[in-house]
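# Observations on the three-dimensional arrangement
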Amino acid sequence: MTSTRDSARTLMGTLHRAPEPQVLAGLLPAATLDVATRTAVENRALGLLADLRAAQGAGWVNRFLHQYRLNTAEGVALLSLAEAFLRVPDAATADLLIRDKLGAPDWSGHLGDSDSALVNSATWGLVITRAVVGEDGRASVLRRLIARAGEPFVRQAVGAAMRLMGQVFVMGRTIDEALSRAADKDNRGFTASFDMLGEAARTAEDGERYFASYLNAIRAVGKDAKRSDAITQRHSISVKLSALHPRYETAHAAACVPALIDMLQQLADAAASAGIGLTVDAEEQERLTMSLDIIAAVARQPRPGWGGFGMAVQAYGKRARAVIAWAGALAGETGDQLTVRLVKGAYWDSEIKRTQENGLSDYPLFTRKAATDVSYLACAADMLADTRLYPAFATHNALTVATILEWASRSGRRDFEFQRLHGMGEGLFERLVQQDGWRCRTYAPVGGHRDLLAYLVRRLLENGANSSFVHQLADENVSDADLLADPAVRIAQVKAAPHPSIPLPAALYGDSRRNSAGIDLADADILAATTAHVAGFALPAPPAPLHMLSEVNAAVSAAHAAFPAWACTPVGQRAAMLDKLADLLERDRLDLIAALVHEARKTIPDALAEVREAVDFCRYYAAEARRLMVPMLLPGPTGERNELHLAPRGVFAAIAPWNFPLAIFLGQVAAALVAGNAVVAKPAPQTPVIAAMARTLALEAGVPAAVFSLVTGGGDIGDALVRDPRIMGVAFTGSTATARRIARALLDDDTRPLVPLIAETGGINAMIVDSTALTEQVVADVITSAFRSAGQRCSALRLLLLQADVAERTLAMLKGAMDCLVLGDPANPATDVGPVIDAAAYDRLETYRQSQRTRWVHALPATATGEIVAPTIIQLDSPTDLTAEWFGPILHVATWPAGKLAQTVAAVNASGFGLTMGLHSRIASVAAEVTALAEVGNLYVNRSMIGAVVGSQPFGGEGLSGTGFKAGGPHYLYRFLSERTVSTDTTSAGGNATLLSIEDVG
């Protein structure tokens, strides 16, 4: 049996990122119905549709979803309000949120449209609310009449409406309340699987709290269970592994997998003693193999007579059918029937985005809804055929239900169940359960309103999407034939091709350039191989630093002599060399990753991200040069030709920092080279090896050696380089003080032309958080922005500004999340925070950190070895107290009062720095206000502040933070070029032949 399970695991590896047509070719035979079966299925499905439509009047949620679709302003407004309102503690922000979400949409257009009295009543409430808060926040007549009583009244009404919406989707606030509700007449004949709400633990305390809630629920459900019933007829519990451990990640598998096995063992033992079922919920695809390891370890432990253990499988995953085979083999190995809940899948949108961001070869899931339906049917057929499994089919799709019923009726199998979401699918299963005797279980969330938010949004997104069956059922324009269209036929019609609007990650940027390729570090085998390569890599000897200024002079002389020929090289050839360099970087990426880990002290994920950024710079600037460096004809009088073209400037000095010794180094060099300039590049003294490796690859790509010179050494070498009068421009990234010195040096020589300084310098980067923000998301983004790369990024978060009303709650969770960080060797994949760049940086940061000890909000314990600065939060009285940039894992925090947003932004602007700023708010008008007021180059809303993507998020600052244009943006190459215009009189012999040849046809 173990070999069968191993074979299934091998097949999972083959299918994981296989081309979609290839995977579907193996699924279509099992999902394709013959004519007789198809006819029988359609007849069954038509009966189910009639039941569903008959229940629509009572099932107001479906009507509400139809009335306020997610592709309308009203639908988006309600979704946003539901997600944020109940967590806002202060009245001022709550009123602003209501005004923002409900003031602009035109709710009156929905009056009387629905046949649901509840929906129409809700619409009347929205119309009145809009009248109170005013369109776009402007005072209305009704609002003036209601005056001071208005906003409190509306606030209470909206709060009641949001709680009502929550109650529709949640079985109860407590397990006792949920058990009571599950026993009422509306749920007659249905069992429940209770899920204690909690999408993911951010802290160890979160995990402990969720574990205790699961244990308590098991005991309560077991106490309520009737022992005379079969275990399949009793209520059960669903458990989400990511709710139990804050670091449920592949890189932390050595710690989290044993811990989760232990916790799940305890829950399974408790469920077995209570005589109820326990099902492990599905997670994102990147956690699948870890989940299977945990499930297998728990399933192998003998629990005689229980038979209540189960797992969920997501049909949108390309590996789903192989996972079903694996589950069957596991059940055979243990001798216990294993419950398998088959779902369509819950994280489709985020999985697509994550795959694109990581530049992986293909998606782990299907890009078409019909493909997921095909996969679901193929998996269902296998489950019905395998008696070692107890199938649980979670679906609201009448066609899917009808197909399963037809297959089951023909095989005579009845030991399975359907599952539906609480609050959804009314009418689909009632007759099947109460009259026909089929089993159905309700997936029943349990928890308070705070824990409801993430679950609620996910459910609304799934069932409100245009492609969902629930949405289409409520749409009068969708016919029964469309609702019951055979998914296998649909897939065959498009020849199993992926969705054309969802390109593979490599094709994300269309024809302009290929996206950089990533490495799937969530794959345990790939991560292990990458780690082994890093460990075994021997860092080459660094190039000898220059000690004589004559050596700098020689490098500039060689570049100056090589410039004319390089400038005359067609731009297409120069761009092709950059494309070739990008390919070579990807070919040698493991060596480059290893060099970045060993020389620049980067963690493996950071090193991978830097290699990808360097690749993107090369391809982006190559594409931009092809686009920009073509002659442009300008208008003028007849008989005259005016042509504008761009020309290279000469020899550029490129001075790169140690914190991005490959990406920024090559970004500067690539831009200068493709523009036709020669380059003398000086890397930081700490990272010369990486620069030398990059230059070697550039020469292999065809760049002449004299065109791209490397000079290494300290500040005296850099000073000599920029003072050479033959240098026609400088690209620099580093401190503001050094940038000022370079600017003065470029002006000191009266014989030198005025040349450009392209500078990107530091910043006191702030993140502003208001009380509508989701705390879990804020904490995740703060951890990433402040402490990733040991805080050694120009864009890193230095100053966290929390609205006072949520400061205590946010800081409590932030402290717990910090405690989960791993400090240590950057070559260890589990390390989150490695050492700073060198001893001098460590001493400077540690001296400052200790000087602020009385203001520490939280600090991690210092490590015994290595130059690792412990992540620390320091309390400030005011945002203006921070006057310098501390380039390490040190975060400062201050609070601001509600209603003082503009003053808070002004305080940040007053520092004079203008690199990055973050904002967390669910209020669109707040985002618009900050966008208008913030004097920064890059503003990040509701996301982390680091990791700018070439071509998508051009990076650079203003004020004390840089000169522009932005690196990785459409204007950057202009700074490396001069504009030249040629105007030619095209008349001959004193006459304009072109004008004279125009025929008068009037």
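Nothing here was measured: the structure is a model prediction, and the numbers come from that model.

Our next topic: the overall build of the protein chain. A tally of regular secondary structure across the protein chain gives 37 helices and 25 strands. Looking at the protein chain as a whole, 57% of its 1002 residues are labelled buried. Counting only contacts in the protein chain whose residues sit at least 6 apart along the sequence, the fraction spanning at least 24 positions is 77%. For the protein chain, the computed accessible surface area is about 38,800 Å², with 55% contributed by carbon and sulfur atoms.

Turning to helix α2 (residues 20–31), a few remarks are in order. Here α2 is 12 residues long and its end C-alpha atoms lie 16 Å apart, about the 16 Å a rise of 1.5 Å per residue gives. Taken as a whole, α2 has its buried residues at E20, V23, L24, L27, L28 and A31. Taken end-on, α2 shows its buried residues confined to a sector of 135 degrees, consistent with a single buried face.

We now examine the packing of aromatic side chains. One pass over the full model with this rule turns up 14 aromatic pairs. Ring geometry for Y621 and Y972: centres 5.4 Å apart, planes at 20 degrees, overall stacked. Of this pair, Y621 sits in helix α27 (residues 604–628) while Y972 sits in the loop between β24 (958–959) and β25 (977–985), placing them 351 residues apart in sequence. Taken as a pair, Y621 and Y972 share a single burial class, namely buried. Site record: aromatic cluster; members linked through ring pairs are F617, Y620, Y621, F652, Y972 and F976. In this arrangement the basic side chain of R209 is found over the ring face of Y210, its NZ or CZ atom lying 5.2 Å from the centre.

Moving on: the sheet that holds strand β19 (residues 872–875). Taken together, the 7 strands give an open sheet; going across it, the order is β18-β19-β20-β17-β16-β22-β23, and neighbouring strands pair in mixed fashion. The outermost strands of the open sheet, each flanked by one partner alone, are β18 (856–859) and β23 (938–941). Ignoring strand direction, the axes of neighbouring strands in this sheet form an average angle of 20 degrees. Where strand β22 (residues 916–920) lies against β23, 4 bridges are found, and the strand directions are parallel. Bridged to T916 within β23 is N938.

Next up on the list: the sheet that holds strand β6 (residues 389–394). Taken together, 8 strands build a closed barrel; the order of strands is β1-β2-β3-β4-β5-β6-β7-β8 and the barrel is parallel. On average, each strand axis in the sheet is inclined to that of its neighbour by 30 degrees, with strand direction left out of account. Sheet topology places strand β1 (residues 191–196) next to strand β2 (residues 236–239); 3 bridges connect them, and they run parallel. When the sheet's bridge partners are listed, F194 is paired in β2 with I237. Here helix α14 (residues 320–334) sits on the sheet in contact with β4 (309–314), β5 (338–343) and β6, set at roughly 165 degrees to β4.

Attention now goes to the environment of A554. The topology assignment puts A554 in helix α24 (residues 549–568). Accessibility expressed as a relative area gives 44% for A554, which makes it partly exposed.

If you check which residues of helix α15 (residues 348–357) are buried, you get E351, I352, T355 and Q356. Projection of α15 onto a plane perpendicular to its axis shows the buried side chains occupying an angular sector of 130 degrees, all on one side. Note on α15: the residue one or two positions beyond its end, G359, has a positive phi of about 60 degrees.

The subject of this paragraph is the pattern of salt bridges. By the definition in use, this model includes 48 salt bridges. Of the charged contacts, one joins D520 and R17 as a salt bridge, the two residues approaching to 3.1 Å between their closest N and O atoms. Taken together, the positions of D520 in the loop between α22 (487–493) and α23 (524–536) and R17 in the loop between α1 (2–15) and α2 put the pair 503 residues apart, joining distant regions of the chain. Comparing D520 with R17 shows no difference in burial state: the two are buried. Of the charged contacts in the structure, one is a salt bridge between E586 and R514, with a shortest N-O distance of 3.8 Å. Of the two residues, E586 is situated in helix α25 (residues 571–587) and R514 in the loop between α22 and α23; the sequence distance between them amounts to 72 residues. E586 sits in the buried class, given a relative accessible area of 17%. The network of salt bridges with common partners includes K240, E283, E284 and R287.

Time to look at the packing of helix α13 (residues 288–299) against α14. At a minimum axis separation of 10 Å, α13 and α14 run at an interaxial angle of 15 degrees. Relative to α14, the element α13 lies roughly parallel. Between α13 and α14 lies a crossing whose hand is right-handed. On α14, the residues that touch L288, L292, I295, A296 and A299 of α13 are V323, W326, L330 and T334. In terms of residue class, the contact of α13 with α14 is made up of 8 nonpolar, 1 polar and no charged.

So, about the nonpolar core. Among the nonpolar cores identified, the biggest contains 116 residues, and F194, L244, L278, F309, M311, W326 and F393 are the most heavily contacted of them. It is helix α12 (residues 253–274) that provides the largest number of residues to this core, a total of 11 residues. Excluding residues that lie within four positions of it along the chain, F309 makes contacts with L264, L278, V280, I295, V298, A299, Q337, L338 and T339. Grouped together as the second largest cluster of nonpolar side chains are 101 residues, V552, W566, Y621 and A656 included.

Each pair of packed helices gets described by two things: the angle between the helix axes and the distance between those axes. Where α27 meets helix α28 (residues 663–674), the closest approach of the two axes is 9 Å, and the angle between their N-to-C directions is 15 degrees. When the axes of α27 and α28 are compared, the pair comes out roughly parallel. The two elements α27 and α28 cross, and the hand of that crossing is right-handed. Where α27 approaches α28, its residues E610, E613, A614, F617, C618, Y621, A622 and A625 are matched on the opposing element by A663, L666, G667, A670, A671 and V674. Here the contact of α27 with α28 is built from residues that sort into 11 nonpolar, 1 polar and 2 charged.

Checked against the element boundaries, L264 lands in helix α12. Spatially, the C-alpha atoms of L264 and L278 are 9.6 Å apart, while their sequence positions differ by 14 residues. Among all residues touching L264, those that are not within four sequence positions of it are V239, L241, L278, V280, I294, V298 and F309.

A few words on the side chain of E846. Tracing the chain through its elements places E846 in helix α34 (residues 839–851). In this structure the side chain of E846 is engaged in a polar contact, spanning 2.9 Å, whose partner is the side chain of R849.

This part covers the environment of D486. Here D486 is to be found in the loop between α21 (480–483) and α22. Taking the C-alpha atoms as reference points, D486 and L399, separated by 87 residues in sequence, lie 8.4 Å from one another.

With that out of the way, let us pick up the side chain of S921. Among the structural elements, S921 can be located in the loop between β22 and α36 (924–933). Leave out the neighbours within four places in its chain, and S921 touches D770, T772, A773, V926 and N942.

Further remarks concern the confidence of the model for the protein chain. Any residue range with low pLDDT should be treated as having predicted coordinates unsuitable for detailed reading. Here the protein chain averages 90 in pLDDT, and 88% of its residues register 70 or above. This model gives residues 114–128 a pLDDT under 50, and the stretch forms 30 contacts once residues within four places in sequence are excluded.

With that settled, the discussion passes to unusual backbone geometry. A negative phi angle characterises most non-glycine residues, just as the trans form characterises most peptide bonds. In the segment running from G964 into F965, the intervening peptide bond is cis, with an omega of -10 degrees. You will see that K495, though not glycine, has its phi angle at about 55 degrees, which is positive. In this fold, K495 is placed in the loop between α22 and α23. By relative accessible area, which is 72% here, K495 ends up exposed. Unusually for a residue other than glycine, A496 sits at a positive phi of about 60 degrees.

In the sheet, β18 pairs with β19 via 3 bridges, with the strands oriented antiparallel. Its bridge partner lying in β19, H858 is registered against I873. Two elements, β19 and strand β20 (residues 890–896), share 4 bridges in a ladder whose sense is parallel. Bridging from a neighbouring strand, T872 pairs with I890 of β20.

The rules behind each value
- Residues numbered from 1 in each chain as written.
- Predicted model: local features only at pLDDT ≥ 70, side-chain atom pairs only at ≥ 80, totals over all residues.
- Heavy atoms only, no water.
- Helix = DSSP H or I, 4+ residues; strand = E, 2+ residues; numbered from the N terminus.
- Buried < 20%, exposed > 50% of the residue type's maximum accessible area, 1.4 Å probe, protein only.
- Contact = heavy atoms within 4.5 Å.
- Areas by Shrake-Rupley, 256 points an atom, 1.4 Å probe, with all protein chains shown as cover.
- Expected span 1.5 Å × (residues − 1).
- Arc of directions from axis to C-beta.
- Phe/Tyr/Trp six-rings, centres within 6.5 Å; stacked < 30°, edge-to-face > 60°.
- Lys NZ or Arg CZ within 6 Å of the ring centre and 35° of its normal.
- Pairing = 2+ DSSP bridges.
- Axes fitted to C-alpha atoms, helices over the stretch in contact; angles between N-to-C directions.
- Salt bridge = Lys/Arg side-chain N within 4 Å of Asp/Glu carboxyl O.
- Parallel < 35°, antiparallel > 145°, perpendicular 65-115°, else oblique.
- Left-handed = near helix turned anticlockwise from the far one by under 90°.
- Nonpolar A, V, L, I, M, F, W, Y, C, P; charged D, E, K, R; others polar.
- Core = buried A, V, L, I, M, F, W, Y, C linked by side-chain atoms within 4.5 Å.
- Polar contact = N/O pair within 3.5 Å; in protein donor to acceptor, adjacent residues only side chain to side chain.
- pLDDT = per-residue confidence, 0-100.

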